[in-house]
Amino acid sequence: MSVGIMKKINIAIILPTDFTWNGEKNYFSSIISALDILPNKKVKINIFLGEQNQDFVKKLKIKHLNIIYSKIFKRNTFYNFLNKIFSIIFGYYNILLYLYFKSKKITHISYFTPIVGFKNLVWFPDFQHIHLNKFFSKKDQTRRDKLYKNLIKYGDLHIVSSNDSKKDLIKFNNKSSNLLNTHVLNFIPNVNFENILNYQDLKKKYKIKKRYIYIPNQFWLHKNHITLFKSIEILKKQNKIIQFILTGSKNDYRNLKYFKVLKSYLKNKNLEQNVKYLGEVPYNHVISLIHNCYLFINPSLFEGWSTTVEEAKIFKKKILLSNINVHIEQKDYNSVLFDKNDHIDLANKISKIKGIQPKKLLQLKKNYQLKKKIFSKKIYEMFKNQNKSKYHCV
């Protein structure tokens, strides 16, 4: 059944009850902050959340969007429990959420479980579970396949972060006739230039050397730290002493022992003086470490769209990227590719590449603000274009 074209756009963006990974949190920060800098009279943006996300929203310093706290989305409340029961029983026909969002005059549900009776804009982070299925249990693969099939079935707009993910989505959907209103949205990170530390501040806090290489990847299986560590071993044998700075979560739910395995490798190869792990550091310190680094590396085996690569591009850094499809799509004129499975190639590139010293923040900030405004316009245009078409009810 079809419903006619709606004239007024009233978007609901619902924050997760709990952010399960930093990439998810960065994505919401990116989208919401971009929407806030260029408010649009034809599109009203409503951010729904529980109190557990209060600090997250406060840090965004939102000025123009509508912030709505609800017990439905607050952890460990009766209404949140009731919503879970309704979701289990009724699935995408959740009458509780339907009535709640209708009372708020919502027309579009975005970045959330689809709800029948609204236009649903759904996001597919990546298809890693298909390409690197060895890193996922059968249960995880089945769960994610089921989720994606339902997002395809009930979604009116299917959002991906790269052209590579779009190809994966089309391939994943090859048995469905409900193809596919797909939009590629290359997101821009939310960077605050006011809290960036200089090198002396970083040196004092973390005792790092002037010329260091930075790798901010989480310690997850697909982030490919082992190829990096093997390349460092080669460089050490060549008497090329370089400090590698690492940050990020050391917990991968798929293999809780993985960080210990990597740590043992560094110890056994006597590389502990070459690699300095700072732990999970505040976001402004991540940005500061990117800004002041001599060289930035992402050796990942898979990405949907790398936030950290975008951050390195914003600061005009020299970047070494594994030659995966998304990195090929993301790279700029300062980027150099290496074979993702070849630690010798990586060692050679590190040895030969000439890094870039920090650029002046004022000009970087101007360039970033322009880029972010363009990104904001693209999001609003995506919403408005979706409103022109009819939407389906299942």
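As the structure is a computational prediction, the values presented were derived from the model and not from experiment. Residue positions are counted from 1 within each chain, in the order its sequence is given. Under the rules for a predicted model, residues below a pLDDT of 70 receive no local features and side-chain atom pairs below 80 are neither given nor counted, while totals for whole chains, interfaces and linings still include all residues. Based on all heavy atoms of the structure, the side-chain values leave hydrogens and waters out of the count.

Asks: Would you take a moment to explain the pairing of strand E2 (residues 9-14) for this structure?
Replies: Strand residues, when the strand is regular, have side chains that alternate between the two faces of the sheet. Exposure categories follow from relative accessible area, calculated using a 1.4 Å probe and restricted to protein chains: below 20% of the type maximum is buried, above 50% is exposed, and the middle band is partly exposed. Runs of E in the DSSP output that reach at least two residues are strands. Runs of H or I that reach at least four are helices, and both are numbered from the N terminus. Among the six residues in E2, six count as buried, and that is most of the element. Side chains of E2 alternate between two faces, with Ile9, Ile11 and Ile13 and Asn10, Ala12 and Ile14 buried alike. Strand pairing follows a simple DSSP-based rule, namely that at least 2 bridges must link the two strands. Bridge count between E2 and strand E3 (residues 43-49): six bridges; the pairing is parallel. Residue pairing in the sheet places Ile13 in a bridge with Ile47 of E3. Where the polypeptide runs from E2 across helix H1 (residues 22-37) and back to E3, its parallel neighbour, the crossover connection is right-handed. The crossover handedness rule: strands pointing away from the viewer, path from first strand over the helix to second strand clockwise, crossover right-handed.

Asks: Looking at this structure, I do not really get the confidence of the model for the protein. What am I missing?
Replies: Predicted coordinates in areas of low pLDDT are best not read in detail. What pLDDT reports is the predictor's confidence in each residue, on a scale of 0 through 100. Within the protein, residue pLDDT values average 91, and 95% of them lie at 70 or more. For the stretch residues 1-6, pLDDT sits under 50, and the model shows 16 contacts to residues farther than four places along the chain or on other chains. When checking whether two residues touch, look at their non-hydrogen atoms; a contact exists if any pair is within 4.5 Å.

Asks: I tried to follow the sheet that holds strand E14 (residues 335-338) on my own but got confused; where do I start?
Replies: Note: strands within a sheet are paired through backbone hydrogen bonds, in either parallel or antiparallel orientation. Overall, parallel pairing links the six strands, which are arranged E11-E10-E9-E12-E13-E14 in an open sheet. The sheet is open, and its two edges are formed by strand E11 (275-277) and E14, each paired on a single side. Between one strand and the next, the sheet's axes are offset by a mean angle of 25 degrees, whatever the strand orientation. For helices, the fitted line uses only the C-alpha atoms of the stretch in contact; every axis is such a line through C-alpha atoms, and the angle between N-to-C directions lies from 0 to 180 degrees. Against the sheet, helix H11 (residues 283-292) touches strand E9 (212-215), strand E10 (243-246) and strand E12 (295-298), its axis set at about 140 degrees to E9.

Asks: For this particular structure, what's the right way to read a positive patch on the surface?
Replies: Side chains of Lys250, Lys257, Lys260, Lys263 and Lys267 sit close together on the surface and give a patch of like positive charge. By secondary structure assignment, the location of Lys250 is in the loop between E10 and helix H10 (258-268). Lys250 sits in the partly exposed class, given a relative accessible area of 41%. Exposure above 30% relative accessible area and no salt bridge define the residues that can form patches, which grow by joining like charges within 9 Å and nonpolar side chains of Val, Leu, Ile, Met, Phe, Trp and Tyr within 5 Å. All accessible-area figures derive from a Shrake-Rupley calculation using a 1.4 Å probe, and residue coverage is judged against the displayed protein chains alone. Salt bridges are counted wherever a side-chain nitrogen of Lys or Arg sits within 4 Å of a carboxyl oxygen of Asp or Glu. In this tally Asp and Glu are treated as negative and Lys and Arg as positive; neither His nor the chain ends contributes. For charged residues, the charge sits on one atom: NZ in Lys, CZ in Arg, CG in Asp, CD in Glu.

Asks: Would you mind going over the pattern of salt bridges with me for this structure?
Replies: Using the criterion set out here, one finds 13 salt bridges in the structure. The salt bridge partner of Lys223 is Glu303, with a shortest N-O separation of 2.7 Å. Linking Lys223 in the loop between E9 and helix H9 (225-237) with Glu303 in the loop between E12 and helix H12 (307-314), this pair joins segments that are 80 residues apart in sequence. Both residues of the pair, Lys223 and Glu303, count as buried. Residues Lys384 and Glu381 are paired through a salt bridge, measuring 4.0 Å at the closest nitrogen-oxygen approach. With Lys384 and Glu381 both in helix H15 (residues 361-388) and three residues apart, this pair spans about one turn of that helix. Classification of Lys384 as partly exposed rests on a relative accessible area of 24%. What makes Glu381 partly exposed here is its relative accessible area of 37%. Bridged by salt links that share partners, the residues Glu233, Lys237 and Lys269 form one connected network.

Asks: What am I meant to see in the sheet that holds strand E6 (residues 119-123) here?
Replies: Reading across the sheet, the seven strands line up as E4-E3-E2-E5-E6-E7-E8 and stay open at both edges, with parallel pairing between neighbours. Looking at which strands have only one partner, the edges of the open sheet turn out to be strand E4 (66-69) and strand E8 (182-184). If you compare each strand with its neighbour and ignore which way they point, the axes differ by 25 degrees on average. Sitting on the sheet, H1 is in contact with E2, E3, E6 and strand E7 (157-160), with an inclination near 150 degrees to E2.

Asks: Any chance you could explain a nonpolar patch on the surface here in plain terms?
Replies: The grouping of Phe78, Tyr79, Phe81, Ile85, Ile88, Ile89, Phe90, Tyr93, Ile95 and Leu99 at the surface amounts to a nonpolar patch, some 1,100 Å² of accessible area in total. Counting residues per element, the nonpolar patch draws most heavily on helix H3 (residues 78-90), at seven residues. Its place among the elements puts Phe90 in helix H3. The exposure class of Phe90 is partly exposed, given its relative accessible area of 40%.

Asks: Even after reading the chapter, I still don't get unusual backbone geometry, so can you show me in this structure?
Replies: Comment: phi is negative for the bulk of residues other than glycine, and the bulk of peptide bonds are trans. Non-glycine residue Asn76 carries a positive phi angle of around 65 degrees. Tracing the chain through its elements places Asn76 in the loop between E4 and H3. In the Ramachandran plot, Lys207 falls in the positive-phi region, its phi being about 55 degrees despite a non-glycine side chain. Mapped onto the elements of the fold, Lys207 is located in the loop between helix H8 (199-206) and E9. With a relative accessible area of 66%, Lys207 lands in the exposed category.

Asks: What am I meant to see in the packing of H9 against H10 here?
Replies: A pair of packed helices is captured by two measures, namely the crossing angle of their axes and the spacing between those axes. One way to put it is that H9 packs onto H10 with a least axis distance of 11 Å and a crossing angle of 5 degrees. The angle between H9 and H10 places the two elements in the roughly parallel class. Taken together, the residues of H10 that come into contact with H9 (itself represented by His225, Ile226, Phe229, Lys230 and Glu233) are Tyr258, Leu262, Tyr265 and Leu266. When residue character is reported, Ala, Val, Leu, Ile, Met, Phe, Trp, Tyr, Cys and Pro are called nonpolar, Asp, Glu, Lys and Arg charged, and the others, Gly included, polar. When the residues that make up the contact of H9 with H10 are grouped by side-chain class, the tally is six nonpolar, one polar and two charged. If an angle is under 35 degrees, it is roughly parallel; if it is over 145, roughly antiparallel; if it lies from 65 to 115, roughly perpendicular; otherwise it is oblique.

Asks: Explain H3 here, please?
Replies: Because the α-helix completes a turn every 3.6 residues, residues three or four places apart line up on one side. An expected span of 1.5 Å times one less than the residue number is assigned to each helix. For H3, which comprises 13 residues, the first-to-last C-alpha distance of 18 Å matches the rise-based estimate of 18 Å (1.5 Å per residue) to within 8%. Once H3 ends, the next one or two residues include Gly91, with phi positive near 60 degrees.

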